[in-house]
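As a plain string of letters, each chain reads:
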Amino acid sequence: MKIYTLSLMSALLVLLCGYLVPWTITPLIIGLTYAIAALGISVMLRAGQVSFGHAMYASIAAYSIAFISRLRPETDVIVLILCSVVIATLFSALIGMFVARYRGIFFGMLNLALSMVLFALTTKFYDITGGTDGIRVSRPTVAGIVLDRSAFEFTLMCIALAGSLLIAWAVQRYFRSGNGQALAAIKTNETRLEYLGISPRHVLWKGYILSGAVVGFSGAILALIQGLVTPEIGTWLRSAEYVYITILGGAAHVGGAFIGAAIFETVKLLSSAYFPGFWQAILGLTLILVIFVVPNGVVGQIMRKRKLKRA
């Protein structure tokens, strides 16, 4: 109950910050997209698998929004988001049938290779994707209403917040379900699952689909707030940032993705402002410090202390 209350209070604080200080809306939404994408990565980490290519699902969702809005400019924002997430989910289901057969470094590298193929395609097919220039996304209507820029951005932040809370609740429920427990068993002892008559490949495939859908939602929101879709959304560097945030916050609880994103964005903004030529090194040093001090991430350390107090 405390976690739900804290989540709602945090969401209200973000809304209040965006309402009182409008210039913070864009960085807050971008931070939320990172947190949501990290949630998708945490699903794979639950099975002990690290993907360095999951940003391709954010890219697929973002380009889906760009194509749909170009063909149907009158499409409402909710319809755009839903359609893009469905498309990203379908792609994750198709790709997952292949990559779910592999584990460890092979799993991570296959996802990386596929994301690099998608990045190359979006870069080279200039007539379709606009190449490195990208595709502009016109501001869609919200429930049939045409909003100005400030009102649209605030509304989009509300949608992103509501979506992040709903996704966090769904992912946490998934972790506690039978499928979620089976997914965690892949990390500890996959052979036992086979003895129980459960297919580890099928369990990982279902988790992979959920992961792709969650990352796809983050890509849809990112495309709408930027108003421009470029191949950079699907680069391996973006995937690495998602993994960075997940490790930083910890994958033991969905709250780790949001804590990790908050720390990541804060360190990134402050270091780039005060140390513009050294901010990447500061981010790297932050991750090294977290790995040595709290190897299970911030949320993992919090949960560990709570267990010790109960004992």
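In this text, all values refer to a predicted model and were calculated from it rather than measured experimentally.

Participant: Can you walk me through the overall build of the protein in this structure?
Facilitator: Looking only at helices and strands, the protein has 13 helices and two strands in total. The globule rule puts the C-alpha radius of gyration for 311 residues at 19 Å, and the 19 Å found for the protein is close to it. Dimensions along the principal axes, computed over C-alpha positions, put the protein at roughly 55 × 40 × 40 Å. In the protein, buried positions account for 47% of the 311 residues. Taking as baseline every contact in the protein between residues at least 6 positions apart, the subset at least 24 positions apart corresponds to 79%. Separation of charge centres in the protein, based on 24 positive and 11 negative side chains, amounts to 17 Å.

Participant: Sorry, what's going on with the side chain of T246 here?
Facilitator: Here T246 shows up in helix α10 (residues 236–249). For T246, a relative accessible area of 2% corresponds to the buried category. At a separation of 3.3 Å, a polar atom in the side chain of T246 contacts the main-chain carbonyl oxygen of A38. Setting aside its immediate chain neighbours within four residues, T246 contacts A38, I41, S42, L45 and A251.

Participant: Even after reading the chapter, I still don't get the packing of aromatic side chains, so can you show me in this structure?
Facilitator: Aromatic ring pairs: the centre-centre distance and the angle between the two ring planes describe each pair. Throughout the structure, instances matching the rule amount to eight aromatic pairs. Ring centres 6.0 Å apart and planes at 90° place the aromatic pair F107 and Y208 in the edge-to-face group. With F107 in helix α5 (residues 104–124) and Y208 in helix α9 (residues 200–226), this residue pair connects regions lying 101 residues apart in the sequence. Take F107: its relative accessible area is 0%, and that puts it in the buried class. On the basis of an interplanar angle of 65° and a centroid distance of 5.4 Å, the ring pair of Y244 and F264 is categorised as edge-to-face. Remark: F264 occurs in helix α11 (residues 255–274) and Y244 occurs in helix α10; sequence separation between them is 20 residues. On the basis of relative accessibility, which here comes to 10%, the residue Y244 falls in the buried class. Its relative accessible area of 2% is what places F264 among the buried residues. By the ring-pair criterion, three or more aromatic residues cluster together here, those being Y34, Y242, Y244 and F264. The lysine or arginine in question, R46, covers the ring of F175, its NZ or CZ lying 4.4 Å from the ring centre.

Participant: How do you make sense of unusual backbone geometry when you look at a structure like this?
Facilitator: In most cases, non-glycine residues show a negative phi, while peptide bonds are predominantly trans. Even without a glycine there, the phi angle at A143 is positive, about 55°. Residue position: A143 is located in the loop between β1 (135–136) and α7 (149–176).

Participant: What is the right way to look at the packing of helix α8 (residues 178–195) against α9 in this model?
Facilitator: Helix packing for two helices is described by the angle between their axes and how far apart those axes are. Viewed as axis vectors pointing N to C, α8 and α9 meet at an angle of 150°, and their least axial separation amounts to 9 Å. Between α8 and α9, the angle is such that the two are roughly antiparallel. For the element pair α8 and α9, the recorded crossing hand is left-handed. Two secondary-structure elements touch here, α8 through N179, A182, L183, I186, E190, L193 and E194 and α9 through P200, V203, L204 and K206. Of the residues belonging to the contact of α8 with α9, the class tally is seven nonpolar, one polar and three charged.

Participant: Explanation requested: a nonpolar patch on the surface in the structure shown.
Facilitator: On the surface, a cluster of nonpolar side chains totalling about 1100 Å² of accessible area is made up of L270, Y274, F275, F278, L285, I288, L289, F292 and V293. Listing elements by their share of the nonpolar patch, those giving two or more residues are α11 and α12 (279–293). Ranked by residues supplied to the nonpolar patch, first place goes to α12 with five residues. Along the chain, F292 turns up in helix α12. For F292, a relative accessible area of 70% gives the class exposed.

Participant: Explain the environment of I288 to me, please; I cannot follow it from the model alone.
Facilitator: For I288, the position within the fold is in helix α12. Taking the C-alpha atoms as reference, I288 lies 9.5 Å from L248; in sequence the two are 40 residues apart.

Participant: Looking at this structure, I do not really get the side chain of E153. What am I missing?
Facilitator: Relative to the helices and strands, E153 is located in helix α7. Judged by its relative accessible area of 13%, E153 falls in the buried class. The residues touching E153, leaving out its near neighbours within four places in the chain, are I25, T26, I29 and I225.

Participant: Is there a simple way to explain α9 in this structure?
Facilitator: Within an α-helix, residues lying three or four positions from one another point in the same direction, as the helix has 3.6 residues per turn. An ideal rise of 1.5 Å per residue puts 39 Å on 27 residues; α9 measures up with 39 Å between its terminal C-alpha atoms. Along α9, 21 of the 27 residues are buried, which leaves the element largely enclosed by surrounding structure. Directly beyond the C-terminal end of α9, a positive phi value near 70° is found at G227.

Participant: What is the right way to read α10 from this model?
Facilitator: Along its 14 residues, α10 runs 20 Å from first to last C-alpha, staying within 8% of the 20 Å computed at 1.5 Å per residue. Three or more residues of α10 are buried, namely R238, S239, Y242, V243, Y244, I245, T246, L248 and G249. Phi turns positive one or two residues past the end of α10, at G250, with a value near 100°.

Conventions we followed
- Residues numbered from 1 in each chain as written.
- Predicted model: local features only at pLDDT ≥ 70, side-chain atom pairs only at ≥ 80, totals over all residues.
- Heavy atoms only, no water.
- Helix = DSSP H or I, 4+ residues; strand = E, 2+ residues; numbered from the N terminus.
- Rg over C-alpha atoms; globule rule 2.2 N^0.38 Å.
- Buried < 20%, exposed > 50% of the residue type's maximum accessible area, 1.4 Å probe, protein only.
- Contact = heavy atoms within 4.5 Å.
- Lys, Arg positive; Asp, Glu negative; His and termini not counted.
- Charge placed at Lys NZ, Arg CZ, Asp CG, Glu CD.
- Polar contact = N/O pair within 3.5 Å; in protein donor to acceptor, adjacent residues only side chain to side chain.
- Phe/Tyr/Trp six-rings, centres within 6.5 Å; stacked < 30°, edge-to-face > 60°.
- Lys NZ or Arg CZ within 6 Å of the ring centre and 35° of its normal.
- Axes fitted to C-alpha atoms, helices over the stretch in contact; angles between N-to-C directions.
- Parallel < 35°, antiparallel > 145°, perpendicular 65-115°, else oblique.
- Left-handed = near helix turned anticlockwise from the far one by under 90°.
- Nonpolar A, V, L, I, M, F, W, Y, C, P; charged D, E, K, R; others polar.
- Patch = residues over 30% accessible without salt bridge, like charges linked within 9 Å, V, L, I, M, F, W, Y side chains within 5 Å.
- Areas by Shrake-Rupley, 256 points an atom, 1.4 Å probe, with all protein chains shown as cover.
- Salt bridge = Lys/Arg side-chain N within 4 Å of Asp/Glu carboxyl O.
- Expected span 1.5 Å × (residues − 1).

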